Amino acid sequence: MSDDVKSAIKNTPTNDDFDKAKRFFNDEEYSKEEFFALAKLYSDSFRDVKEGEMIKGKVVRVQNDYVIVDVGFKSEGAIPKDEFGSAEVKVGQEIEVVLESVEDQDGNLVLSKKRADFMKIWERVIKAYETGEIIQGKILKRIKGGMVVDLVGMEAFLPGSQIDIRPIRDFDAFVGQTMDFKVVKVNVPTENVVISHKVLVEEEIADQRLAILNSLEKGQILEGLVKAITDFGVFVDLGGVDGLIHITDLSWGRINHPNEVVKLDQTIKVVVTDFDEEKKRISLSLKKLLPHPWEEIDKKYKIGDKVSGRVVSLTDYGAFIEIEKGIEGLIHNSEMSWTQHIKHPSQVVAMGQIVEAVILSLDKEEKKISLGIKQLEPDPWGALMQKYPVGSVHTGIARNLTNFGVFIELEPGVDGLVHISDLSWTKKIRHPGEVVKKGEKLEVVVLGVDVDQRKISLGHKQIQDNPWNNFEKLYAVGTFSTAKVVRIIEKGLIAELPEGVDGFVPANQLSTSKIKNLANYFPVDDVIPVKVIEFDKENKKIVLSGIAALKEKTDAEVEEYLTKHKLDKVTVQDIRNAETSAVDPSDFPNFEVEDKSAPAAPAAPAAPAEEKA
């Protein structure tokens, strides 16, 4: 059969194929039946192969940079020589190749030996993945997240976390090393492989880990390697099992970070403090292997000793000072200054500052030490009696106003209290702000100095003589006068008499009829006639009556009073017949003597029991 006839025949010959082939032979050469028989024999001589399939072929010749291979197909395929590497290629040699394409753009058969080699490796890797076989590989290079490993001829990915059970400090040190690996993940579509060396290590130490866990008990002392350091503590490898030393269990003293005590890869001894069998959590301690610093505290320190330490904590009530590792004392705010009222320790000390202090008390059982800074200097209050004797007059600045009085700064750090009842002889002061504003100067008299309680009592009204001796004569019971309304209160009016002293006018002494809203009838600054119906020099009270004063007026003057204050329901005769007896003082608590039990100076607040050192 000629080449022209062969080319006209397809895999399955048809009548069309016969008609096309007749152009190349005579009827005497082949009959139609003979043609189909020969065509079938020719077609059967070729393999039925698919693209991507690995097949065997024979090298028929080496031509320039290509190796020509016969795979039993209709045509031969060419493979670049570089796919054979340094291996020698001989004619007649049988090799395995992959049919990548039946024909390329030039109609040639496309074969690949490199792909065939990879597929053989891939089959081995898949088998290793399925069976758990250990494969040896060489680490080629470091990449983001891990390493690239040459695994029996193909590249595989080794995550950084899968190199060892311990954290890796230097990844570059592994480049070039040959290690055993297990295939842990295969992605068939992308032909990616993930391997692990860590799982092999874990398998090796599984028995060791189990033995450690089974033998663990509280108080047991073990040796381990510092595996990782975090802000909250240190992880220690106890031989395949990790335990945690919390930052508070690293040292008896305060530390800012665990790396102040231990370093990575350091071998240390630890004691087991707790073990959670369910969660397999092991709590360890380093400090409990060291003697407690409070054991011989009473031999090192005595009350009255001067010590030096670092400020390690600031609270609202004071500052904690670390005298030595594990031994801290509290300087309460009240022990920071003889004269200043310290509201927060940051006014005196700062974090990390080295300060000197005096030991005030020491409780070994409670592990508490009280310290003081002010005791380093003489107590200035001892000299205040001489500087501010009782009766002496001074000018100070109003630093703080409260409901019970005003604190006057006599000098920096020295305050005294003017109680609200000592601000005025004649006025019923509801708040110190009626007399003085914050920051203003005020003249005062020293009434008393209490060195033990750190209090100075001051008075402002005592600058002047007590006018109530004179008022006793001016405003004796039965005295007639006029008064100006200065304030409306619940049961009457506060009215100012001509000498500037305030008196009280009960509502029932203004009208015989009940008045619901006094301000509508007797506004502030209104002047009314009054008669003194009660005078109390001791409690500084003057009670006045408008009705009693009207009884001595003419009918016309009474009518004028009723009209002026819109008392339509009241007649002149009602005024004449009204009662004007003395008023029960219990009805008017605002006229009782003020409570002077408020502190004369702001004492520093005591710390709660748990705050005291």
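Residues numbered from 1 in each chain as written. Predicted model: local features only at pLDDT ≥ 70, side-chain atom pairs only at ≥ 80, totals over all residues. Heavy atoms only, no water.

*Asks:* Pulling in residues and values, what's your account of the overall build of the protein chain?
*Replies:* Helix and strand counts for the protein chain stand at 12 helices and 30 strands. Residues classed as buried in the protein chain amount to 42% of the 613 residues present. In the protein chain, once contacts between residues fewer than 6 apart in sequence are set aside, the share between residues at least 24 apart is 60%. About 34,200 Å² of surface is accessible on the protein chain, with carbon and sulfur atoms providing 47% of the total. (Helix = DSSP H or I, 4+ residues; strand = E, 2+ residues; numbered from the N terminus. Buried < 20%, exposed > 50% of the residue type's maximum accessible area, 1.4 Å probe, protein only. Contact = heavy atoms within 4.5 Å. Areas by Shrake-Rupley, 256 points an atom, 1.4 Å probe, with all protein chains shown as cover.)

*Asks:* An account of the nonpolar core is requested, with residue identities and associated values reported.
*Replies:* Among the nonpolar cores identified, the biggest contains 31 residues, and Tyr-475, Leu-493, Leu-497, Leu-510, Phe-522, Ile-542 and Leu-544 are the most heavily contacted of them. Listing elements by their share of this core, those giving two or more residues are α8 (468-474), β26 (480-489), β27 (492-496), β29 (527-536), β30 (541-545), α10 (546-550), α11 (555-564) and α12 (572-577). Of the residues forming this core, the biggest block, four residues, is contributed by β29. Formed by 24 residues, the second largest nonpolar core is a distinct cluster that contains Ile-121, Trp-122, Met-154 and Ile-168. (Core = buried A, V, L, I, M, F, W, Y, C linked by side-chain atoms within 4.5 Å.)

*Asks:* Outline the confidence of the model for the protein chain, supporting the account with residue identities and numerical values.
*Replies:* Put simply, the protein chain has an average pLDDT of 80, and 84% of its residues get 70 or more. Contacts of residues 1-10 to residues separated by more than four positions or lying in other chains number 17 contacts, the stretch itself having pLDDT below 50. Predicted confidence for residues 589-613 stays below pLDDT 50, and this span has 58 contacts to residues more than four positions away or in other chains. (pLDDT = per-residue confidence, 0-100.)

*Asks:* Break down the environment of Gly-439 for me, citing the residues and quoting the values.
*Replies:* Assignment of secondary structure puts Gly-439 in the loop between β23 (414-419) and β24 (441-450). Classification of Gly-439 as partly exposed rests on a relative accessible area of 47%. Spatially, the C-alpha atom of Gly-439 lies 9.4 Å from that of Ile-408, the residues being 31 residues apart in sequence. Not counting chain neighbours up to four residues away, the residues in contact with Gly-439 comprise Ile-397 and Ala-398.

*Asks:* Outline the sheet that holds strand β25 (residues 455-459), listing residues and values.
*Replies:* In space, the five strands of this closed barrel follow the order β21-β22-β23-β25-β24, with mixed pairing throughout. On average, adjacent strands in this sheet sit at an angle of 55 degrees to one another, irrespective of strand direction. (Pairing = 2+ DSSP bridges. Axes fitted to C-alpha atoms, helices over the stretch in contact; angles between N-to-C directions.)

*Asks:* Which residues make up α11, and what values go with them?
*Replies:* Taken residue by residue, α11 has Val-558, Tyr-561 and Leu-562 as its buried positions. Angularly, the buried residues of α11 cover 95 degrees about the axis, an arc narrow enough to put them on a single face. Exposed side chains of α11 directed beyond 90 degrees from the buried face belong to Ala-556, Glu-560 and Thr-563. Of the surrounding elements, those touching the buried residues of α11 are β29, α10 and α12. (Arc of directions from axis to C-beta.)

*Asks:* Report on the pattern of salt bridges, specifying residues and quantitative values.
*Replies:* Under the definition given, this model contains 19 salt bridges. Lys-537 is the partner of Glu-472 in a salt bridge, and the nearest nitrogen-oxygen pair spans 3.6 Å. A residue pair is termed long-range when its members are at least 10 positions apart, and Glu-472 in helix α8 and Lys-537 in the loop between β29 and β30 qualify at 65 residues. A relative accessible area of 32% places Lys-537 in the partly exposed class. (Salt bridge = Lys/Arg side-chain N within 4 Å of Asp/Glu carboxyl O.)

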